[in-house]
2 protein chains.
Amino acid sequence: MTTHGWQGDVRSILRVAERFRLADLDPGATPGYEGDKATGAKDLAKRMARLDDLQERLYASSRAGTARDAVLLVLQGMDTAGKGGIVRHVLGSVDPQGVQLRAFGAPTADELAHDFLWRVERRLPARGFLGVFDRSHYEDVLVGKVRQLADAEEIERRYAAINDFEARVAAGGTRIVKVMLHISQDEQRARLQERLDRPDKHWKYNPGDVDDRMLWREYRDAYETAFARTSTETAPWYVVPADRKWYARLAVQELLIAALEDIDPQWPPATFDVEAEKKRLAAS
Amino acid sequence: MTTHGWQGDVRSILRVAERFRLADLDPGATPGYEGDKATGAKDLAKRMARLDDLQERLYASSRAGTARDAVLLVLQGMDTAGKGGIVRHVLGSVDPQGVQLRAFGAPTADELAHDFLWRVERRLPARGFLGVFDRSHYEDVLVGKVRQLADAEEIERRYAAINDFEARVAAGGTRIVKVMLHISQDEQRARLQERLDRPDKHWKYNPGDVDDRMLWREYRDAYETAFARTSTETAPWYVVPADRKWYARLAVQELLIAALEDIDPQWPPATFDVEAEKKRLAAS
């Protein structure tokens, strides 16, 4: 484990337990981390070098054609939970060439004409890449359930389909890190209020966010069911308290580092004769 | 113009003139910039906020559905010229969500079965995005010409095809910024040598780089012909001396800022009734 303010293994601390209830986890808490916003910002900056080094090694293997592994970060959460901030402040520190970012919006007509996992399959990260899903196939058992976009039987089918899908993806070498950013209703109100108050934030506001907000309990239940049904050994769910942005960023950074350390990517060996190339270069 | 060490308009300074010769521009020079590596690093950091703000405004318009413009940065140069460093250190400072990075390698069988612009068309940035081509359709008149992957008549046809293509893309609202990173043969040797000396850099080395290096003059000629034939009013070429990485990054950053300032992207107006939404939020 690290000595960067974390008082234990971040995965054990944040992983959802059986019968986990969102109400039992304070969105303003900072579980496992000893420190405040200032030390959090410092630790985030400090750990960037580690994340960066691991990610570069992974990417190197993709370039050398030896990559067998990938990382997929799945980001979920109510509107304003901070998904964009994670992308920017955590993923922004690594080489953009090795990151594959995919945002999932409402499905297109073409996507709706296929199984819900069709569009997901196409956007999985290639070997050697760090993929990020800004929303994901989980929308199909969250908004899909809450707004009854599919009938109960179909929603039911999807949990099993997701588990099979993720098991196959994991068996193919992709570490799946599923994160739910957990904010409080009060914090969401404040963030939405800011988007309404500032003209330079209007573009981030969507009246549908308030519609969803009015269904807070239904979403909470849908999340809890999703955790219960799809948190598996190979692809567990982590719930990250997100009222404090600095904590959420730090926690996701640490989860990514842990996933990459599992892979332990090595610099690929030269696929050419180094000494011969040195001579060719000297002669050129 | 800016007061950040630039002694004039960076576009006028770096734009290729008629009958431009690479030999006339010292790859170690820092045209238009008063300062050294230390001030350069400081200015790069200082100007990030400006690039970031402009890019966020552009991206906001894409989210609001009002985007009409895009920026496309085309990066060319001999191996080790620093394309990856530009992506990382210049583009790395803006929100990854608004950047569409595309690397062009040797064409696949499927791509070869189409016109050379087919794969390029598909990778153009969407409105509201900042697109980056790491290599591009210019490879088809550079390596394509030097290694005679196509006959002379076909190469000839391509210059005109590129101009027509870029004119259409520009008319559609995309600012095309074409940059050739200009390094010296000595600097390239030093950079390749480092890749051979360090096992953690071996993955960046490709024996083909030395093959290309041995054709330095042929590439130089091919670049000069490409400039002469495809540097147009709507899509001019800029040649950026790149032996000093800090200068090249600073220059490309400034070229991007200039392109975005031309667009002058505005925060999109609210598409909803702000006061009504404030009431709905308060009641939720």
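Per chain, the residues get numbers from 1 upward, laid out in the order the sequence is written. Chain A is the first chain written and ligand 1 is the first ligand written, with later ones labelled in order. A pLDDT threshold of at least 70 governs which residues receive local features in this predicted model, and a stricter bar of 80 or more applies before side-chain atom pairs are shown or counted, although totals over entire chains, interfaces and linings include all residues. Neither water nor hydrogens contribute to the side-chain values; these are computed over all heavy atoms in the structure.

Here we look at the packing of aromatic side chains
- Within 6.5 Å between ring centres, the rings of Phe, Tyr and Trp (the latter by its six-membered ring) count as paired, and their orientation is classed by plane angle as stacked under 30 degrees, edge-to-face over 60, tilted in between. Following the criterion strictly, the structure yields 26 aromatic pairs over all chains and no others.
- Ring centres of Y138 of chain B and W237 of chain B lie 4.7 Å apart, and the angle between their planes is 70°; this geometry places the pair in the edge-to-face category. One end of the pair, Y138 of chain B, is in the loop between β3 (130-134) and α6 (143-146); the other, W237 of chain B, is in strand β5 (residues 237-241), with 99 residues separating them in the sequence.
- Only protein chains enter the accessibility calculation, which uses a 1.4 Å probe; a residue whose area is less than 20% of its type maximum is buried, one above 50% is exposed, and one in between is partly exposed. Under the relative-accessibility criterion, Y138 of chain B is labelled buried at 0%.
- Through successive ring pairs, a cluster of aromatic residues spans F20, Y138, Y223, F227 and W237 of chain A.
- Criterion for a charge above a ring: Lys NZ or Arg CZ within 6 Å of the ring centre, and within 35 degrees of the ring normal. Stacked on the ring of W118 of chain B, the Lys or Arg R122 of chain B has its end atom at 4.2 Å from the ring centre. Each helix is a run of DSSP H or I of at least 4 residues and each strand a run of E of at least 2, with the numbering of both proceeding from the N terminus.

Things to note about the relation of the copies chain A and chain B
- When the copies are superposed, the least-squares fit draws on C-alpha atoms of residues that have pLDDT of at least 70 in both. By a simple turn and slide, chain A fits onto chain B: the slide is 0.0 Å along the axis, the RMSD is 0.0 Å, and the turn is 180°. A rotation of that kind, with that shift, is consistent with a two-fold axis. The position closest to the rotation axis in chain A is occupied by the C-alpha of G92 of chain A, lying 3.3 Å away.
- It only takes one pair of heavy atoms within 4.5 Å for two residues to be counted as in contact. Comparing interface residues between copies, 100% of those in chain A also sit at the interface in chain B, which points to an isologous, same-surface contact.

What to know about unusual backbone geometry
- Residues other than glycine seldom take positive phi values, yet R135 of chain A does so here, at roughly 65°.
- As for its position among the elements, R135 of chain A is in the loop between β3 (130-134) and α6 (143-146).
- Here the phi dihedral of D264 of chain B falls at roughly 50°; this positive angle occurs in a residue that is not glycine.
- Mapped onto the elements of the fold, D264 of chain B is located in the loop between α11 (245-263) and α12 (274-283).

Here we look at the environment of L58 of chain A
All names here are of chain A.
- Position of L58 among the secondary structure elements: in helix α2 (residues 37-64).
- Along the chain, L58 and F129 lie 71 residues apart, while their C-alpha atoms are 6.8 Å from each other.
- Setting aside its immediate chain neighbours within four residues, L58 contacts D69, G128, F129, L260, I263 and P265.

Concerning the sheet that holds strand β4 (residues 174-182) of chain A
Residues and elements named next belong to chain A.
- Paired strands, in this sense, are two strands between which DSSP finds at least two bridges. A sheet is described by the order of its strands in space; here five strands give the open sequence β2-β3-β1-β4-β5, paired in parallel fashion. Strands at the two margins of the open sheet, each flanked by one partner only, are β2 (99-103) and β5 (237-241). On average, each strand axis in the sheet is tilted by 20° relative to the strand beside it, whichever way the strands run.
- Judged from the eight bridges that link them, strand β1 (residues 70-77) and β4 form a sheet pairing that is parallel. Within β4, the position partnered with A70 by the bridge is T174.
- Whenever a helix is involved, its axis is fitted only over the stretch in contact; in every case the axis is a line through C-alpha atoms, and angles between N-to-C directions fall within 0 to 180 degrees. Taken strand by strand, helix α10 (residues 216-230) contacts β1, β4 and β5, and its axis lies near 145° from that of β5.

Focus on helix α11 (residues 245-263) of chain A
All names here are of chain A.
- Between its terminal C-alpha atoms α11 stretches 27 Å, which fits the 27 Å expected from 19 residues at 1.5 Å a residue.
- Summarising burial for α11: 16 of the 19 residues are buried, a large majority.
- Among the residues trailing α11, D264 stands out with phi positive, at a value near 50°. In a helix, the anticipated span is given by 1.5 Å times the number of residues less one.

So, the sheet that holds strand β2 (residues 99-103) of chain B
Residue and element names in this part refer to chain B.
- Reading across the sheet, the five strands line up as β2-β3-β1-β4-β5 and stay open at both edges, with parallel pairing between neighbours. For this open sheet the edge positions go to β2 and β5, each flanked by a neighbour on one side alone. Along the sheet, successive strands turn relative to each other by an average axial angle of 20°, direction set aside.
- In this sheet, β5 lies alongside strand β4 (residues 174-182) in parallel orientation, the contact comprising five bridges. By the bridge assignment, L181 is partnered in β5 with V240.

Focus on the interface of chain A and chain B
- Counting from both sides, the interface comprises 43 residues of chain A and, opposite them, 43 residues of chain B.
- Two parts lose some accessible area (1.4 Å probe) when they are put together, and adding that loss for both gives the buried area. Counting the surface lost from both chain A and chain B, the interface buries some 3,900 Å², and carbon and sulfur atoms represent 61% of this.
- Three residues, R88, W203 and L281 of chain A, lead the burial of chain A against chain B; their summed loss comes to 21% of the area buried on that side.
- Definition used for salt bridges: Asp or Glu carboxyl oxygen within 4 Å of a side-chain nitrogen of Lys or Arg. The interface formed by chain A and chain B includes six salt bridges.
- Among the salt bridges present, the one from D197 of chain A reaches K278 of chain B, with a minimum N-O distance of 3.5 Å.

Side note on the pattern of salt bridges
All names here are of chain B.
- A complete count under the given rule lists 58 salt bridges over all chains for this structure.
- A salt bridge links R47 to E254; the shortest N-O distance between them is 2.5 Å. Of this pair, R47 sits in helix α2 (residues 37-64) while E254 is found in helix α11, placing the two residues 207 residues apart along the sequence. Neither R47 nor E254 differs from the other in exposure class; each is buried.
- The residue R280 makes a salt bridge to E277 at a minimum N-O spacing of 2.9 Å. Of this pair, R280 and E277 both sit in helix α12, three residues apart, which is roughly one turn of that helix.
- Judged by relative accessible area, R280 falls into the partly exposed class, the value being 24%.
- Look at E277 and you get buried, because its relative accessible area is 8%.

Structural notes on the UniProt feature "domain: Polyphosphate kinase-2-related" (unreviewed entry) in chain A
- UniProt positions are given in the numbering used here, feature names are shortened, and annotations may be inferred rather than shown by experiment. In the numbering used here, UniProt assigns the "domain: Polyphosphate kinase-2-related" (unreviewed entry) feature to residues 37-264 of chain A.
- Between the end C-alpha atoms of residues 37-264 of chain A there is a gap of 30 Å, over a span that is 53% helix and 14% strand.

Structural notes on the side chain of D134 of chain B
- Structurally, D134 of chain B can be placed in strand β3.
- Despite its burial, D134 of chain B remains without a salt bridge, the nearest opposite charge being carried by K83 of chain B at 4.7 Å.
- In this structure D134 of chain B touches Q97 of chain A together with L75, K83, R102, A103 and F104 of chain B, once residues within four positions along its chain are discounted. His is not counted, nor are the chain ends, whereas Lys and Arg count as positive and Asp and Glu as negative.

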